[in-house]
Amino acid sequence: MIFRRGFGRFKRDGSETDSPSEGRLSKDGPAQGAAVVTFVPRLPWRKSAIVQFEQSIPKYQRVLFYVLLAAAVLMGFFLFYERTQARDRLAARTDATPLEAPVSTSTESFTLDLASDEDGSVTPVQRQIALPLEPSVRARALLERLVAEYALPDAKHPLASGAAVDDVFLLKLPIADPNADPATTAADAGQEGELAVINLRSSFVNQHPSGVEVEMLTVLSMIGTLHANFSDITQVRFLVDGQPKDTLAGHADLGRVYPAVDTTVGAAQLQPAGGTQ
Amino acid sequence: MLWTERRWTGVAALLCTLTAGWVNAQSTPAFNRQVIVIDPAHGGTDGGAQIDDHLEEKDVTLAVAGRLRSLLAARGFTVVSTRQGEPGGVLTTDQRAETANRVHAVACLVIHASASGNGVYIGASAISSPLAAVPQSASVTRVSNGAVPWDRAQEAYISQSLGLANQVGTALARAKVPLAMGRVAMRPLDNLMCPAISFEIATLHSGSDATPVSDEDYQQRVAEAIAGALVLWKNQAQQPDFVTIPRPGGGA
């Protein structure tokens, strides 16, 4: 029985040989005094290649090779880890779900006037939110929170997620105009409180659903929320990217100055006989 | 001498007051009970809301307006539409209001359509409501000659508009159409000198079923309910208090 080189190793009296000629196996077993040769199989596809590699490549190149191989594997793991981290970061950035308040910041109770497309109503709800103290930043954060509520899957007034309000400016009334007519200025002097200028992002406006009801509800919701939480605000005006715009998405008028009023009351004079369904 | 000057001053003031009242009365003429104005919103390059992949709001409003016009004509009304088909450019809200204000209609209907909401949303102008726009300057609202400011043209008719909204809402509720109502800040409602409402037709949700606004039966159902309400409204509408009713044979 002849074994081909590379498939195993012959072992005789504790020493190894690659040649089977010195230890042929007979049918009757080993002859008296003859050396016993045993066959130790090996993995030719692996060890022979490694042996050839080790014999043909200088040691320093082999070391370099192994170092580079290890570095490549490590870099692969590192890239996979970084990719996972980047994906999580992107997901967190697009997720408009409000974050939990920092532990060190105390939360307060605020009223959000939430709209419903089903019945055209605006309903006040209480939320515990941690907000900054500066009034204009506080107003912006509150409106952002309001819009974030509409980005939730079960919202009754669904809007696209993402930042909606760029800034909120609070201006004391009456606004002094050095070029104004004295009679006009005298009439404006009766205005009190603050004018809140809500500067919406065009990305929010462009994604806003188009329709009379849905646009009016968004406007009423923002006005009502500011009225409920900022007693000094008496008027509200809207801008889009710092510029006046005629409508929100083709219907609701954004060009006018709205009074800051309670928008949850609804239109008491509008009640058909038999009620609405 | 001093007494004579004061007397003439008083006579002049009285004449001015009477003239202003006459001008004011002339600026809000009596409406014609046989005339209805329909304003299919949007049109031309202004497509309005995207209802679905292949349907724009301007097409739905025109279709509903066509149905309503046929139903109203069959009931003896003269229907004036602000647009019959596709205008070349964009028909502004001021142009629409100008068309409507010329005919002194007993009702003005602004038709909209939307992909959001449920059923029909009826809106009346926010004028004379807590949500009415804040005048920004006394000069804007000052009326020295009895003329009606353009942005407050609806003010004299708002009580009638609310009555019309309730009339139409009642008819739609009887037709089992889901309904919502509210005051809306939207042009050209504030500029119309007639009892005016807007109605926005949206997808009809009934349980798990949804009927799109493009459904012809749905459109016909809404149009018939509104046409029926307008027949009743024709006899219920009242002139604003300060309107002078023209004498028979006289101009409107």
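The structure this text deals with has already been given above.
First things first, this report covers the structure right here in the doc. (Residues numbered from 1 in each chain as written. Chains lettered and ligands numbered in written order. Predicted model: local features only at pLDDT ≥ 70, side-chain atom pairs only at ≥ 80, totals over all residues. Heavy atoms only, no water.)

## Re the state of the cysteines
Residues and elements named next belong to chain B.
Okay, step 1: Counted by the stated rule, this structure contains one disulfide over all chains.
Okay, step 2: Linked covalently through their sulfurs, C108 and C194 form a disulfide whose S-S length is 1.9 Å. In this structure the cystine formed by C108 and C194 twists about its S-S bond by roughly -125 degrees; its chirality is therefore left-handed. One end of the pair, C108, is in strand β5 (residues 105-113); the other, C194, is in the loop between β7 (179-184) and β8 (196-201), and 86 residues separate them in sequence.
Okay, step 3: Residue classification places C108 among the buried positions, given a relative accessible area of 1%. (Disulfide = S-S within 2.5 Å. Helix = DSSP H or I, 4+ residues; strand = E, 2+ residues; numbered from the N terminus. Buried < 20%, exposed > 50% of the residue type's maximum accessible area, 1.4 Å probe, protein only.)

## Focus: the sheet that holds strand β7 (residues 194-200) of chain A
Residue and element names in this part refer to chain A.
Okay, step 1: In space, the four strands of this open sheet follow the order β6-β7-β8-β9, with mixed pairing throughout. Each edge of the open sheet is held by one strand with a lone partner, namely β6 (165-172) and β9 (258-259).
Okay, step 2: For strand β8 (residues 233-240) and β9, the ladder comprises two bridges, and the chain directions are antiparallel. Residue pairing across strands places Q235 opposite P259, the latter belonging to β9.
Okay, step 3: Strands β6 and β7 of the sheet are contacted by helix α3 (residues 135-150), whose axis makes an angle of about 140 degrees with β6.
Okay, step 4: The strands touched by helix α6 (residues 212-229) are β7, β8 and β9; relative to β8, the strand with the most contacts, the crossing angle is about 140 degrees. (Pairing = 2+ DSSP bridges. Contact = heavy atoms within 4.5 Å. Axes fitted to C-alpha atoms, helices over the stretch in contact; angles between N-to-C directions.)

## With respect to the packing of helix α5 (residues 158-174) of chain B against helix α6 (residues 216-236) of chain B
Between two packed helices, both the angle of their axes relative to each other and the distance between the axes serve to describe the pair.
Residues and elements named next belong to chain B.
Okay, step 1: Packing of α5 against α6 leaves a shortest axis separation of 8 Å and a crossing angle of 135 degrees. Of the possible angle classes, the one that applies to α5 and α6 is oblique. α6 is crossed by α5, and the crossing has right-handed handedness. Every residue of α6 that contacts α5 at Q160, G163, L164, Q167, V168, A171 and L172 is listed here: V222, A225, I226, A229, L230, L232, W233 and Q236.
Okay, step 2: Across the contact of α5 with α6, the residue classes break down as 11 nonpolar, four polar and no charged. (Parallel < 35°, antiparallel > 145°, perpendicular 65-115°, else oblique. Left-handed = near helix turned anticlockwise from the far one by under 90°. Nonpolar A, V, L, I, M, F, W, Y, C, P; charged D, E, K, R; others polar.)

## Some remarks on the sheet that holds β8 of chain B
Backbone hydrogen bonds hold the strands of a sheet together, and the pairing may be parallel or antiparallel.
Residue and element names in this part refer to chain B.
Okay, step 1: Strand order in this open sheet of six strands is β4-β1-β5-β8-β6-β7, and the pairing throughout is mixed. The outermost strands of the open sheet, each flanked by one partner alone, are β4 (78-81) and β7. Across the sheet, the mean angle separating the axes of adjacent strands is 25 degrees when strand polarity is ignored.
Okay, step 2: Taken together, the six bridges between strand β1 (residues 32-40) and β5 define a ladder with parallel strand orientation. When the sheet's bridge partners are listed, N32 is paired in β5 with A105.
Okay, step 3: Across the sheet, α5 lies against β5, β6 (120-125), β7 and β8, angled at about 170 degrees from β6, the strand it touches most.
Okay, step 4: Lying over the sheet, α6 contacts β1, β5, β6 and β8, oriented at roughly 160 degrees with respect to β5.

## A look at the packing of aromatic side chains
Okay, step 1: Enumeration over the complete set of coordinates arrives at two aromatic pairs over all chains.
Okay, step 2: Each ring, one from F65 of chain A and one from Y66 of chain A, has its centre 5.6 Å from the other, and the planes form 65 degrees; the classification is edge-to-face.
Okay, step 3: With a relative accessible area of 42%, F65 of chain A lands in the partly exposed category.
Okay, step 4: Taking the relative accessible area as the measure of exposure, Y66 of chain A reaches 43% and is therefore partly exposed.
Okay, step 5: Over the ring of F77 of chain B we find K234 of chain B; its NZ or CZ atom is 5.4 Å from the centre of that ring. (Phe/Tyr/Trp six-rings, centres within 6.5 Å; stacked < 30°, edge-to-face > 60°. Lys NZ or Arg CZ within 6 Å of the ring centre and 35° of its normal.)

## Focus: the pattern of salt bridges
Okay, step 1: This model, assessed by the stated rule, comprises 16 salt bridges over all chains.
Okay, step 2: Between R201 of chain A and D166 of chain A there is a salt bridge, with its nearest N and O atoms 3.5 Å apart. Of the two residues, R201 of chain A is situated in the loop between β7 and α5 (202-207) and D166 of chain A in strand β6; the sequence distance between them amounts to 35 residues.
Okay, step 3: Given a relative accessible area of 29%, R201 of chain A falls into the partly exposed group.
Okay, step 4: Salt-bridge contacts for D190 of chain B lead to R256 of chain A; the nearest nitrogen and oxygen are separated by 2.6 Å. Here D190 of chain B is found in the loop between β7 and β8, whereas its partner R256 of chain A is found in the loop between β8 and β9 on a different chain.
Okay, step 5: A cluster of three or more residues bridged by salt bridges with shared partners is formed by D253 and R256 of chain A together with D151, R187 and D190 of chain B. (Salt bridge = Lys/Arg side-chain N within 4 Å of Asp/Glu carboxyl O.)

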